[in-house]
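A closer look at the structure
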Amino acid sequence: MPDPISWSHVAPYYLIAFFCSYLLGAVPFGLVITRLFGLGDIRQIGSGNIGATNVLRTGRKGLALATLICDSGKGAAAVLIASYWGPDTALIAALGSVLGHLFPIWLKFKGGKGVATTLGVVLALSWQVGIVACLAWLVTALTLRISSLSALMAMLATPIAVWFLHADLQMVELTAVLAVLVWIRHHENIRRLLKGQEPKIGKKK
C-alpha cells in the first residue's frame, strides 16, 4: 500500500503533467495553420476534421505536412518534458496530450481524431514501438491508399508492439486506451469502410 505522505508529493506532478499536456495537446494546429495561410476554417472543408488528412484535401501538401509535424510534435514534446519526472508522469502526459487533441477546450471539446498526436507520444515513449506503428500505417497506406484504415491498423499494432518489445503492462494499457479512443473517433470512417465508401488518400471528399 503506497505511503500517503509519498502520494502527497507525487500527485501534484501528475496533475500538473496531465493538465499542461492537455492544454498543449488542445492547440488545433490544423486550424491555426490553414487560417494563417488564408484557407479559412478547415472545419468547413472536406470532412470538417482539423487533422493533416483533411488539410491535404485543400491541395496544400506543405500545410498538411506542417500540420502532421505539429500535431505529432506536441504529443512528443509533452511526453519528453514530463519524462523528467519519471516514466509514470510521461504516461500521464501522453494521455493528457491525446485527450487535449480529441477534446480541445478551445474548440468546445470538438477536436481531431488523434492519430498524429498518438503517434507522437508513442515515438517519444518508445521509438521502436513508434517505428512499428508508423510502418503499419505506411504499409496499409501504400497498399490500400485509405488514410483512416491506415490509422486504425497503426493504432491496433501499437499495444501489440509494446507487449512484444517491452512487456510493460502500464504502457500496454495506455496504448490500448489510446487505440480505443482513436477507433471511437473513427466511427464514421469505420461505417464508410464497411460500406466501401471511404475515400482514397489524396481524393477530395
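Quick caveat: nothing in here was measured; it's all calculated off a predicted structure.

Observations concerning the overall build of the protein chain
Tallying secondary structure elements over the protein chain gives 10 helices and 0 strands in all. When the elements of the protein chain are put in sequence order from the N terminus, they spell out α-α-α-α-α-α-α-α-α-α. Relative to the 2.2 N^0.38 estimate, which gives 17 Å for 205 residues, the radius of gyration of the protein chain is 17 Å and therefore close to what a compact globule would have. Every one of the 205 residues in the protein chain was classed for burial, and the buried ones make up 44%. Counting only contacts in the protein chain whose residues sit at least 6 apart along the sequence, the fraction spanning at least 24 positions is 62%. A total of about 10,900 Å² of accessible surface is found on the protein chain, and carbon and sulfur atoms cover 71% of it.

Structural notes on a nonpolar patch on the surface
Together, L123, W127, I131, L135, L138 and L142 give the surface a local cluster of nonpolar side chains, amounting to about 600 Å² of exposed area. Ranked by residue count, the leading element in the nonpolar patch is helix 7 (residues 127-144), at 5 residues. Note on placement: L138 falls in helix 7. L138 gets classed as partly exposed once you look at its relative accessible area, which sits at 40%.

Section: the side chain of K74
In this fold, K74 is placed in helix 4 (residues 61-82). A polar atom in the side chain of K74 sits 2.7 Å from the backbone oxygen of G25. Beyond its immediate sequence surroundings of up to four residues, K74 is in contact with L24, G25, V27, F29, H101 and T117.

What to know about the environment of L119
Here L119 shows up in helix 6 (residues 115-125). Given a relative accessible area of 12%, L119 falls into the buried group. C-alpha of L119 to C-alpha of A154: the two residues are 35 residues apart in sequence and 8.5 Å apart in space. Apart from residues lying up to four places away in sequence, L119 is in contact with A133 and M155.

Some thoughts on the packing of aromatic side chains
Tallying each qualifying case throughout the model produces 2 aromatic pairs. Residues F18 and F19 carry aromatic rings whose centres are separated by 5.4 Å and whose planes lie at 85 degrees to one another, so their mutual orientation is edge-to-face.

Digging into the pattern of salt bridges
Using the criterion set out here, one finds 4 salt bridges in the structure. The salt bridge partner of D41 is R35, with a shortest N-O separation of 3.5 Å. We classify D41 as buried; its relative accessible area is 18%. A salt bridge links E198 to R192, with the nearest nitrogen and oxygen atoms 2.7 Å apart. Across this residue pair, the class does not change: E198 and R192 are buried. When salt bridges with common partners are traced through the structure, they connect R35, D41 and R43 into a single cluster.

Describing unusual backbone geometry
One non-glycine residue, R145, lies in the positive phi region at around 55 degrees. Unusually for a residue other than glycine, A167 sits at a positive phi of about 50 degrees.

A look at the packing of helix 6 against helix 9 (residues 169-185)
Interaxial distance between helix 6 and helix 9 falls to 10 Å at its minimum, and their mutual angle equals 170 degrees. It follows from the interaxial angle that helix 6 and helix 9 lie roughly antiparallel. Each of V115, T118, V121, V122 and L125 in helix 6 lies in contact with helix 9, whose residues at this interface are M171, L174, T175, L178 and V182. Grouping the constituent residues of the contact of helix 6 with helix 9 by class yields 8 nonpolar, 2 polar and no charged.

Re the packing of helix 9 against helix 10 (residues 187-195)
Where helix 9 contacts helix 10, the axes come no closer than 4 Å and their chain directions differ by 65 degrees. Mapping the contact onto sequence places W183, I184 and R185 in helix 9 and H187, N189 and I190 in helix 10. Of the residues contributing to the contact of helix 9 with helix 10, the split by class is 3 nonpolar, 2 polar and 1 charged.

Rules and cut-offs
Residues numbered from 1 in each chain as written. Predicted model: local features only at pLDDT ≥ 70, side-chain atom pairs only at ≥ 80, totals over all residues. Heavy atoms only, no water. Helix = DSSP H or I, 4+ residues; strand = E, 2+ residues; numbered from the N terminus. Rg over C-alpha atoms; globule rule 2.2 N^0.38 Å. Buried < 20%, exposed > 50% of the residue type's maximum accessible area, 1.4 Å probe, protein only. Contact = heavy atoms within 4.5 Å. Areas by Shrake-Rupley, 256 points an atom, 1.4 Å probe, with all protein chains shown as cover. Patch = residues over 30% accessible without salt bridge, like charges linked within 9 Å, V, L, I, M, F, W, Y side chains within 5 Å. Salt bridge = Lys/Arg side-chain N within 4 Å of Asp/Glu carboxyl O. Polar contact = N/O pair within 3.5 Å; in protein donor to acceptor, adjacent residues only side chain to side chain. Phe/Tyr/Trp six-rings, centres within 6.5 Å; stacked < 30°, edge-to-face > 60°. Axes fitted to C-alpha atoms, helices over the stretch in contact; angles between N-to-C directions. Parallel < 35°, antiparallel > 145°, perpendicular 65-115°, else oblique. Nonpolar A, V, L, I, M, F, W, Y, C, P; charged D, E, K, R; others polar.

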